[in-house]
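Next come the chains, spelled out residue by residue.
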Amino acid sequence: MFNPVDLADGVSRWSSLGVTLPKPLAGAIDVFETLRYIEVGYHPVFRVEDVTPANAEDKIRELAEHLALYAPPGGTTGLSPLQRAKQQAVDAAARRVLAQARVAVPAVIDALTPVFDAHAQTYAEAVAKLPEDLSAETLVAAGPGAVEAYGTAQQATAQLARIDAWAAGLPYLSGIVVRDPETVLRILRPSTRQQLSRLDKASTTPANPTLAALDPVLFTAARSGVEFAINTPEAAAALRLALVSGVPA
């Protein structure tokens, strides 16, 4: 099991993808972050200079109340009641963030798709100008136009990688360790078993540094005419099963 707070912290950074999050998710994140940064670890200080004969009893009661909240029970090194309360509140807020995140995934994919499609198109067009057997030697031999296209493809790769990394975290929103998570079909939709086989092979075959910088799986996809698209974990699993079994999803 994963720590819900750590997972929710990751979800809180979804906005860095440049999309507007659904209001329920954004609100849950706001509450989560507010609770996380409430200070409860300091120790009460008794200011004797504030005590007068008239308020002495009230000041003692005030200190006692603060000690009951802030001090660990029995003088132990454990958490104080206030710290335990914060811990429970943050955990509850984190779980609400994760619940809203699971609901919001399709909407976030819809919001990401236009910019994703633009980067995918840029990548595919640039790759089309590169040697099929890409290496440092073949790239230089292909001339300045190919070198320029390689730089464009590198930039697009970085942008696609950000979205792929986001998709890679989706299976863990339930807080459960996922065995054999999908790595090839997060942002690709092959239409045949042969295309899938080529992508799987590219994911496990060592690549030279020049090709590795463009992601061999994406390079193979662009060369093979594979559709670029963001998949939910469920859709990716269903697509793999359909292609392997030959039964339409």
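Residues numbered from 1 in each chain as written. Predicted model: local features only at pLDDT ≥ 70, side-chain atom pairs only at ≥ 80, totals over all residues. Heavy atoms only, no water.

## Some points on the overall build of the protein chain
Okay, step 1: Counting its regular elements, the protein chain contains 10 helices and 2 strands.
Okay, step 2: Relative to its length of 249 residues, the protein chain is extended, with a C-alpha radius of gyration of 27 Å against a globular reference of 18 Å.
Okay, step 3: If one aligns the C-alpha atoms of the protein chain with their principal axes, the spans along those axes are about 90 × 45 × 35 Å.
Okay, step 4: A burial count over the protein chain gives 34% of its 249 residues as buried.
Okay, step 5: Of the contacts formed within the protein chain by residues at least 6 apart in sequence, a portion of 74% connects residues at least 24 apart. (Helix = DSSP H or I, 4+ residues; strand = E, 2+ residues; numbered from the N terminus. Rg over C-alpha atoms; globule rule 2.2 N^0.38 Å. Buried < 20%, exposed > 50% of the residue type's maximum accessible area, 1.4 Å probe, protein only. Contact = heavy atoms within 4.5 Å.)

## With respect to helix α4 (residues 81-127)
Okay, step 1: Here α4 spans only 59 Å end to end across 47 residues, well under the 69 Å set by a 1.5 Å rise per residue.
Okay, step 2: The axis of α4 is deflected most strongly, by about 50°, at Ala104, and proline Pro106 appears within four residues downstream. (Expected span 1.5 Å × (residues − 1). Bend = angle between axes of the 7 residues up to and from the residue.)

## Some thoughts on the nonpolar core
Okay, step 1: Core analysis: the largest hydrophobic core is formed by 62 residues, its most contacted members being Trp14, Tyr123 and Trp166.
Okay, step 2: Secondary-structure elements contributing two or more residues to this core are α1 (4-11), α2 (23-36), α4, α6 (144-169), α7 (193-204), α9 (216-224) and α10 (233-245).
Okay, step 3: Dropping the residues within four chain positions of it, Tyr123 is found in contact with Ala153, Ala156, Thr157, Leu160, Leu214, Asp215, Leu218, Phe219, Ala222 and Phe228. (Core = buried A, V, L, I, M, F, W, Y, C linked by side-chain atoms within 4.5 Å.)

## Thoughts on the pattern of salt bridges
A side chain of one charge can pair with a side chain of the opposite charge if their charged atoms are brought near each other.
Okay, step 1: Counting across every chain of the model gives 9 salt bridges.
Okay, step 2: Between Arg95 and Asp91 there is a salt bridge, and its shortest N-O distance comes to 2.8 Å. Placement of the pair is Arg95 and Asp91 together in helix α4, with a separation of 4 residues, close to one helical turn.
Okay, step 3: The partly exposed category is assigned to Arg95, whose relative accessible area is 48%. (Salt bridge = Lys/Arg side-chain N within 4 Å of Asp/Glu carboxyl O.)

## Quick word on α2
Okay, step 1: An ideal rise of 1.5 Å per residue puts 20 Å on 14 residues; α2 measures up with 20 Å between its terminal C-alpha atoms.
Okay, step 2: Those residues of α2 that fall on the buried side of the exposure criterion are Leu25, Ala28, Ile29 and Phe32. Viewed along the axis of α2, the buried residues span an arc of 100°, placing them on a single side of the element. Exposed residues lying more than 90 degrees from the buried face of α2 are Lys23 and Thr34.
Okay, step 3: Buried residues along α2 sit against α1 and α4. (Arc of directions from axis to C-beta.)

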